[in-house]
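Next come the chains, spelled out residue by residue.
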Amino acid sequence: MKRRQFIQQTTAATTLLGLGGLTLRSCVPKTKHITILHTNDVHSHIDPFGPNDKRNANKGGVARRATIIEAIRKENPNTLLLDAGDIFQGTPYFNYYGGELEFKLMSMLKYDLATIGNHDFDNGIDGLYAQLPNAEFEFVSANYDFSNTVMDTHVKPYKVLVKDGVRIGIFGLGIQLEGLVDKKMYKETVYHNPIEIAQDMSRILKEEESCDLVICLSHIGYHYKNNPNRVSDLNLAKATKDIDLIIGGHTHTFLPKPTIAKNSIGQNVLVNQVGAYGLYLGRIDFYFEPGQALNSDSTTIIV
Amino acid sequence: MIKNPFLIVLLVGLIISCKEPQRIEGSRIEIDEDIISSLTVEDYMKPYRDHVNNSLDSVISYAPATYSKSDGQLNTAIGNLMADAVYSESNPIFNKRTGKNIDFVLLNHGGIRSIISEGHIKMRTAYEVMPFENSVVVVELKGTQISKMLSYLARAKRAHPVSKHIQITLDENFEVKKALINNKPISEGKTYYLATNDYLYNGGDRMTFFHPNDSLYVLDYKIRSVLIDYFKKVDTINPKIDNRFIKLND
């Protein structure tokens with residue numbers, strides 16, 4: 001509430017300033033710098049790929065990712081680290097430890113938030129629940145209703161994280177489970193339409209939570225070439241407003257750079273995904289003044 | 001809150017006078033061998049990695065030769081081994097639960113993900129041959145659906161693994177000439193218990209003939225676990241290409 005009053009007052013003051021023609025030479029930089037780092041579909045790839053791998057020889061590895069993340073955090077302490085789901089399944093580490101090591105290492109790397117992918121149900125919803133004590137980060141998912149499952153209260157629809165006074169609202173979205181995951185695995189988890197939920201979430205985060213930055217952490221897939229109308233990150237961007245960044249997963253899409261999409265009112269939305277297996281770390285830097293719309297035409301996007 | 005309007009003007013003046021253009025920068029960072037691994041993370045991982053590697057490197061059987069899925073036309077030694085192992089390891093479980101027996105097994109050629117190399121067979125071999133989490137299901141199918149399966153196999157012209165309990169002969173034009181299950185002709189009215197994996201049951205590899213069916217039994221037994229259990233029982237494997245699925249020459 002206080003923040004809104006401040007904006008209203010400054011708007012009035014700006015008008016005054018225009019009339020009075022007051023100028024000041026001294027300068028105190030007010031621009032905030034927020035760094036968002038992200039991964040998706042790491043699929044238990046804890047070790048780097050071996051030297052004989054046909055596609056990804058000597059690439060990836062959690063311990064290397066840790067080095068990079070630490071360096072970036074030193075450069076900008078106002079950094080968030082996010083994961084867009086499918087943390088589990090893909091190497092024997094998952095078969096031997098059920099996701100324990102994945103969660104423990106993500107905690108060491110100080111992940112802030114993750115969303116839930118379809119493979120995170122691979123040991124059943126009880127298997128996911130059993131690993132929660134190893135996660136020092138939280139989970140967001142706005143379109144999975146876990147009320148009648150063991151995950152109830154352990155997954156929030158969204159979280160608002162504050163860095164350097166900047167309010168960053170992050171909500172999660174998951175893919176339709178029916179037909180993709182055995183019902184006996186996800187049990188009574190209820191899936192809701194991601195687009196309708198995202199419209200609600202972006203309004204809540206922008207208006208009620210007064211967020212300066214709204215991020216969607218999605219595991220619904222970037223785009224489906226053979227089924228272009230299927231719910232996807234690109235379709236989500238088009239059908240919503242007030243989302244600044246969509247971080248995606250599921251389709252293992254290796255985007256060389258973020259896509260600049262247009263939202264329902266013609267403003268820019270960034271959509272990014274970094275393929276899979278921890279081969280890349282995505283990085284988005286926001287330089288902005290809280291209170292100023294980020295998706296306005298005056299914002300330069302460099303990708 | 002600031003009550004003095006002049007102070008507000010002053011503050012806003014400060015903000016505006018040094019306003020930088022807002023910008024968003026996006027990039028991706030490749031994680032490659034030039035990045036030095038964090039020692040803290042490496043040390044933490046080590047006991048886990050050592051345990052997994054020791055376990056994966058443990059020897060569980062022996063292969064007298066190298067077996068590949070490209071070794072035969074319509075049946076291969078490695079495919080026959082997998083299908084027969086699914087039968088020998090799953091049927092006791094199925095029989096104990098239902099009192100019935102599996103009639104035969106069908107897997108898919110694409111589901112053999114690696115060769116078995118001559119020499120020691122390790123736990124790792126089972127993970128390489130079957131990296132996926134697919135598990136055994138038994139489907140009760142009418143003879144009419146079995147006929148659809150035979151047409152599929154004839155059209156596919158691939159060495160989709162079947163167990164030794166079924167014998168399929170195609171003529172020179174890849175038409176089904178003869179098919180026997182446990183040495184008996186297939187009866188359209190009879191029902192058969194076919195073991196396969198959940199991926200194929202759900203239409204993987206376009207195997208649509210599992211539906212409709214009379215019943216489904218989910219064994220909660222991964223194909224990889226089947227292989228591990230089989231290898232542990234057999235000192236030296238000895239799979240052979242045989243006549244279970246063949247095509248007559250011109």
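Residues numbered from 1 in each chain as written. Chains lettered and ligands numbered in written order. Predicted model: local features only at pLDDT ≥ 70, side-chain atom pairs only at ≥ 80, totals over all residues.

A word on the environment of Leu-109 of chain A
Residue and element names in this part refer to chain A. What counts, and what does not: Counting from the N terminus, the helices are DSSP H or I runs at least four residues long and the strands are E runs at least two residues long. A pair of residues counts as a contact when their C-beta atoms, built from backbone coordinates, are separated by no more than 7 Å.
The topology assignment puts Leu-109 in the loop between α4 (100–108) and β3 (113–114). Along the primary structure Leu-109 and Thr-67 are separated by 42 residues, whereas in three dimensions their C-alpha atoms are 9.1 Å apart. Ignoring anything within four residues of it in the chain, the contact list for Leu-109 reads Arg-65, Ala-66, Ile-69 and Leu-81.

Some remarks on unusual backbone geometry
For residues besides glycine, phi is generally negative; the peptide bonds are generally trans as well. Cis peptide bonds are those with omega within 30 degrees of zero, and the linkage from His-211 of chain B to Pro-212 of chain B qualifies with 0 degrees. As for its position among the elements, Pro-212 of chain B is in the loop between α6 (198–201) and β10 (215–222). Despite not being glycine, Thr-153 of chain A has its phi angle at roughly 75 degrees, a positive value. Relative to the helices and strands, Thr-153 of chain A is located in the loop between β5 (144–145) and β6 (155–156).

So, helix α3 (residues 77–98) of chain B
All names here are of chain B. Filter applied, for reference: Expected span of a helix: the number of residues minus one, times 1.5 Å. The reported bend at a residue is simply the angle between two axes, fitted to the 7 residues ending at it and to the 7 residues beginning with it.
Here α3 spans 30 Å end to end across 22 residues, near enough to the 32 Å set by a 1.5 Å rise per residue. In α3, a bend of some 40 degrees at Ser-90 exceeds every other bend along the element, and Pro-92, a proline, comes one to four places later. Looking one or two residues beyond α3, the residue adopting positive phi is Gly-99, at roughly 80 degrees.

Some words on the packing of α3 of chain B against helix α7 (residues 223–233) of chain B
A pair of packed helices is characterised by two quantities: the angle between their axes and the separation of those axes. All names here are of chain B. The condition is simple: Think of each axis as a best-fit line through the C-alpha atoms, taken over the contacting stretch in the case of a helix, with angles from 0 to 180 degrees between the N-to-C directions. Any angle that is under 35 degrees is reported as roughly parallel, and any over 145 degrees as roughly antiparallel; angles of 65 to 115 degrees are reported as roughly perpendicular and all others as oblique. Under the scheme applied, nonpolar residues are Ala, Val, Leu, Ile, Met, Phe, Trp, Tyr, Cys and Pro; charged residues are Asp, Glu, Lys and Arg; polar residues are all the others, including Gly.
Between α3 and α7, whose axes approach to 9 Å, the crossing angle comes to 85 degrees. Compared by their axis directions, α3 and α7 come out roughly perpendicular. The segment α3 lies against α7, with Ala-85, Val-86, Ser-88, Glu-89 and Ser-90 engaging Ile-223, Val-226, Leu-227, Asp-229 and Tyr-230. Here the contact of α3 with α7 is composed, by residue class, of 6 nonpolar, 2 polar and 2 charged.

Remember that the coordinates give geometry; whether it matters functionally is a separate question.
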